[in-house]
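Summary of the model geometry
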Amino acid sequence: MATTSHSNHKYTNRLASEQSPYLLQHAHNPVDWYPWGEEAFAETRKRDALIFLSSGYNTCHWYVCMTGNPYLKELKEDGKMYIKAVV
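Residues numbered from 1 in each chain as written. Predicted model: local features only at pLDDT ≥ 70, side-chain atom pairs only at ≥ 80, totals over all residues. Heavy atoms only, no water.

When helices and strands are counted, the protein chain shows four helices and three strands. Mapped from its N terminus to its C terminus, the protein chain presents α and β elements in the order α-β-α-β-α-α-β. Burial analysis of the protein chain (87 residues in total) assigns 33% to the buried set. A sequence separation of at least 24 residues applies to 55% of the contacts in the protein chain between residues at least 6 apart. A total of about 5,800 Å² of accessible surface is found on the protein chain, and carbon and sulfur atoms cover 55% of it. (Helix = DSSP H or I, 4+ residues; strand = E, 2+ residues; numbered from the N terminus. Buried < 20%, exposed > 50% of the residue type's maximum accessible area, 1.4 Å probe, protein only. Contact = heavy atoms within 4.5 Å. Areas by Shrake-Rupley, 256 points an atom, 1.4 Å probe, with all protein chains shown as cover.)

Where the residue is not glycine, phi is negative for most of them; where a peptide bond is considered, it is trans in most cases. One non-glycine residue, D48, adopts positive backbone phi at about 55°. You can see D48 is positioned in the loop between α2 (38-47) and β2 (51-54). Given the relative accessible area of 72%, D48 is considered exposed.

Moving on, we get to the nonpolar core. Ranked by size, the top nonpolar core spans eight residues in total: L15, A16, Y22, L23, A27, V31, W33 and Y82. With five residues, the next largest nonpolar core counts A40, A49, M81 and I83 among its residues. (Core = buried A, V, L, I, M, F, W, Y, C linked by side-chain atoms within 4.5 Å.)

Below, the discussion takes up the pairing of strand β3 (residues 81-84). Of the two faces of β3, the one lined by M81 and I83 and the one lined by Y82 and K84 are each fully buried. Where strand β1 (residues 33-35) and β3 come together, three bridges link them in parallel fashion. Counterpart to Y34 in the pairing with β3 is I83. In this structure, β2 lies alongside β3, joined through four bridges in parallel fashion. If you follow S54 over to β3, its bridge partner there is K84. (Pairing = 2+ DSSP bridges.)

In this section: a nonpolar patch on the surface. Together, W36, I51 and L53 make up an exposed nonpolar region whose accessible area comes to about 310 Å². You can call W36 exposed: its relative accessible area is 53%. (Patch = residues over 30% accessible without salt bridge, like charges linked within 9 Å, V, L, I, M, F, W, Y side chains within 5 Å. Salt bridge = Lys/Arg side-chain N within 4 Å of Asp/Glu carboxyl O.)

In C-alpha cells, the structure reads:
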C-alpha cells in the first residue's frame with residue numbers, strides 16, 4: 001500500500017495501492033493504469049478492448065520520453081486497457 005498522501009496530486013490511478021516502487025512511480029499519471037493481473041484482463045474482456053502493455057523501467061529511453069509528456073493525458077480516453085508489468 002502506498003504510504004504517501006494522494007491529496008496533493010491531480011491524478012491517482014490503481015497503481016497507488018501497489019507495493020512495487022516501479023508501479024508507484026506511475027500512480028499519479030493521468031492514464032488509468034491497471035497492474036498486471038486478473039482484474040486487468042477481466043476488464044479487458046468486458047470492454048472488448050485492446051491492451052497497451054508497458055513493461056519498461058525508469059532508465060529506458062521511452063520512459064524518459066513519456067514522463068511528463070502531455071500525450072499521456074490523451075491516452076486516458078482512447079478505449080484501450082493500460083496495463084503495467086514489473087520486469
